[in-house]
Amino acid sequence: MPPRAPGRAKPGCEYVMFDVTLPSLISHLVVGLAEGMIFVLLALGLSLIFGLLGIVNFAHGSLFVLGAYFGFFVFGLTGSFWLALLVGPVMVGVIGLLIEKGLVRPLYGRRSADDSLLITFGCSLVIVDLVRLIWGKRGVEFDPPLGFQGALDLGVTLFPMYWLVVIGATLLVLAGLTWFLVGTDLGLIIRAGTREPLMTRALGIKLGRVRFLVFGIGAALAGLAGVLSGPISQVSPDMGVSTVIEAFVVVVVGGMGSIGGAVLAGLLLGQVVSLTEMIAPTVGGISIFMAMAVVLLVRPTGLLGEAGFNE
């Protein structure tokens with residue numbers, strides 16, 4: 001059973017109830033892990049942007065879509081999935097930098113958060129319409145890389161080898177981002193600006209360039225999630241609609257602006273969705289929202305509390 005991209009139900013299981021066997025359990029646990037990795041990448045970008053900029057980026061779903069299409073474009077041009085996996089997110093990151101400089105930067109300092117919501121939502125609509133004009137409305141097929149198109153027989157279940165790419169790429173990104181935030185001076189400034197922006201500016205640190213970079217990194221993470229999701233499900237202009245909603249749920253559950261919370265919530269919610277679909281597939285799609293309601297009732301600030309980088 002292949003993993004699903006966020007927002008897409010796995011085919012063939014809509015009317016099967018309580019299929020709880022050991023092979024099914026193991027299969028769904030692995031599906032949940034792969035799906036959780038996509039959630040993590042999406043939520044990381046949102047958390048970084050909100051934590052430092054204080055902006056809820058509604059264009060995140062369209063950047064996810066751009067990543068999938070840019071990956072498809074580079075793959076078709078070069079025949080190399082690995083090059084697409086590297087170049088696609090960079091291309092989306094550049095788009096993110098342009099969005100920050102041209103649309104988001106003039107909004108800094110405004111009291112109302114509605115302006116950023118409206119401008120990023122409008123940007124999302126423009127991006128999706130441009131995607132439809134360039135690649136069409138019907139969607140395209142994005143094949144997994146050669147050597148990762150089969151499945152490993154684990155004895156009790158089959159393990160699609162492409163999931164290794166999804167899991168491995170996400171773990172590498174998490175390791176690199178952790179090193180960047182913890183082990184570099186720029187990472188220290190980002191963490192300080194996330195927690196105490198006024199104090200950071202009082203020390204003479206200019207956050208303008210840091211915000212510019214963070215928005216680009218957040219966009220690139222969304223693009224990477226899009227490239228990785230491409231071979232899992234059909235790439236289409238509408239694939240980011242439900243994805244951005246689920247990404248926001250992950251951010252809220254983890255704690256707004258919390259990097260550690262985004263990772264923890266993404267992995268947990270991936271398992272929640274997958275295991276719910278095993279037991280009761282008809283409610284699998286809403287299980288992530290049910291989990292959010294439970295978490296917020298118990299801990300309104302999310303799993304890891306206040307916004308900011310949690311060590």
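The residue count restarts for each chain, going from 1 along the sequence in the order it is written. Given that this is a predicted model, residues contribute local features only at a pLDDT of at least 70 and side-chain atom pairs are listed and counted only at 80 or more, while totals for whole chains, interfaces and linings are drawn from all residues. With hydrogens and water stripped out, all remaining heavy atoms of the structure feed into the side-chain values.

Engineer: Would you explain the overall build of the protein in this entry?
Structural biologist: Strands here are runs of E lasting at least two residues and helices are runs of H or I lasting at least four, both read from the DSSP assignment and numbered beginning at the N terminus. A tally of helices and strands in the protein yields 11 helices and 2 strands. Listing every helix and strand of the protein by position from the N terminus yields α-α-α-α-β-β-α-α-α-α-α-α-α. With 311 residues in all, the protein has 50% of them scored as buried. In what follows, residue pairs with any heavy atoms lying within 4.5 Å of each other are defined as contacts. When contacts within the protein are restricted to residue pairs at least 6 apart in sequence, those whose partners lie at least 24 apart make up 79%. Carbon together with sulfur atoms contributes 70% to the accessible area of the protein, which is approximately 14200 Å² in total. For the exposure calls, accessible area comes from a 1.4 Å probe over protein chains only, and a residue counts as buried if that area is under 20% of its type's maximum, exposed if over 50%, partly exposed in between. The method behind every accessible area is Shrake-Rupley, applied with a 1.4 Å probe, and residues are considered shielded solely by the protein chains displayed.

Engineer: Would you mind going over the nonpolar core with me for this structure?
Structural biologist: Definition of nonpolar core: a set of buried residues of the types Ala, Val, Leu, Ile, Met, Phe, Trp, Tyr and Cys, connected through side-chain atoms within 4.5 Å. Core analysis: the largest hydrophobic core is formed by 71 residues, its most contacted members being Leu44, Leu53, Leu63 and Leu228. If one sorts the elements of this core by residue count, helix α1 (residues 22-53) sits on top with 13 residues. Discounting chain neighbours no more than four positions away, the residues touching Leu53 are Val104, Tyr108, Arg211, Val214 and Phe215. Membership of the second largest hydrophobic core comes to 5 residues, among which are Val30, Val31, Phe159 and Trp163.

Engineer: Could you clarify how one ought to interpret the pattern of salt bridges in this entry?
Structural biologist: Oppositely charged side chains are able to pair whenever their charged atoms sit close together. Salt-bridge detection follows one rule: a side-chain nitrogen of Lys or Arg within 4 Å of a carboxyl oxygen of Asp or Glu. Evaluation of the coordinates by the stated rule reveals 3 salt bridges. With a closest N to O distance of 3.1 Å, Arg132 and Asp129 form a salt bridge. Of this pair, Arg132 and Asp129 both sit in helix α4 (residues 114-135), 3 residues apart, which is roughly one turn of the helix. Classification of Arg132 by relative accessible area gives partly exposed; the value is 25%. The class of Asp129 is partly exposed, set by a relative accessible area of 42%. If you follow the salt bridges from partner to partner, you end up with Asp129, Arg132 and Asp238 in one network.

Engineer: Quick question: what am I supposed to make of the packing of helix α9 (residues 240-254) against helix α10 (residues 259-279) here?
Structural biologist: Each pair of packed helices can be described by the angle between their axes along with the distance between the axes. Remark: α9 packs on α10, axes separated minimally by 8 Å, with the N-to-C direction vectors making an angle of 120 degrees. Between α9 and α10, the interaxial angle falls into the category oblique. Along this stretch, α9 crosses α10, giving a crossing that reads as right-handed. Facing α9, whose interface residues are Val249, Val250, Val253 and Gly254, α10 presents Gly261, Ala262, Ala265, Gly266 and Leu269. Residues were grouped as follows: Ala, Val, Leu, Ile, Met, Phe, Trp, Tyr, Cys and Pro as nonpolar; Asp, Glu, Lys and Arg as charged; and all remaining residues, including Gly, as polar. Counted by class, the contact of α9 with α10 contains 6 nonpolar, 3 polar and no charged residues. Think of each axis as a best-fit line through the C-alpha atoms, taken over the contacting stretch in the case of a helix, with angles from 0 to 180 degrees between the N-to-C directions. For classification, angles of less than 35 degrees are called roughly parallel, those exceeding 145 degrees roughly antiparallel, those between 65 and 115 degrees roughly perpendicular, and all remaining angles oblique. The crossing is said to be left-handed when, going from far helix to near helix, the turn is anticlockwise and less than a right angle, and right-handed when the turn is clockwise.

Engineer: Honestly, the confidence of the model for the protein in this entry has me stumped. Any pointers?
Structural biologist: Fine structural detail should not be taken from predicted coordinates in areas where pLDDT scores are low. Confidence along the protein averages 81 in pLDDT terms, with 84% of residues attaining 70 or more. This model gives residues 5-17 a pLDDT under 50, and the stretch forms 33 contacts once residues within four places in sequence are excluded. Predictor confidence is given residue by residue as pLDDT, running from a minimum of 0 to a maximum of 100.

Engineer: Help me understand the packing of helix α5 (residues 162-183) against helix α8 (residues 208-229) in this model?
Structural biologist: Close contact between α5 and α8 brings their axes to 11 Å; oriented N to C, the two are set at 170 degrees. Regarding the angle of α5 to α8, the classification is roughly antiparallel. Crossing geometry of α5 relative to α8 is assigned as left-handed. Listed contacts from α8 to Tyr162, Val165, Val166, Ala169, Thr170, Val173 and Phe180 of α5 are Leu213, Ile217, Leu221, Leu224, Val227 and Leu228. Here the contact of α5 with α8 is built from residues that sort into 12 nonpolar, 1 polar and no charged.

Engineer: When you look at helix α3 (residues 81-104) in this model, what are you seeing that I'm missing?
Structural biologist: One full turn of an α-helix is made of 3.6 residues, so residues set three or four places apart face in the same direction. Every helix has an expected span of 1.5 Å times one less than the residues it contains. With 24 residues, α3 extends 32 Å from end C-alpha to end C-alpha; this agrees with the ideal 34 Å at 1.5 Å per step. Taken residue by residue, α3 has Phe81, Ala84, Leu85, Gly88, Pro89, Val92, Gly93, Gly96, Ile99, Glu100 and Val104 as its buried positions.

Engineer: Help me out: how do you make sense of the environment of Leu268 in this one?
Structural biologist: In this fold, Leu268 is placed in helix α10. We classify Leu268 as partly exposed; its relative accessible area is 44%. Between the C-alpha atoms of Leu268 and Ala291, which are 23 residues apart in sequence, the distance is 9.7 Å.

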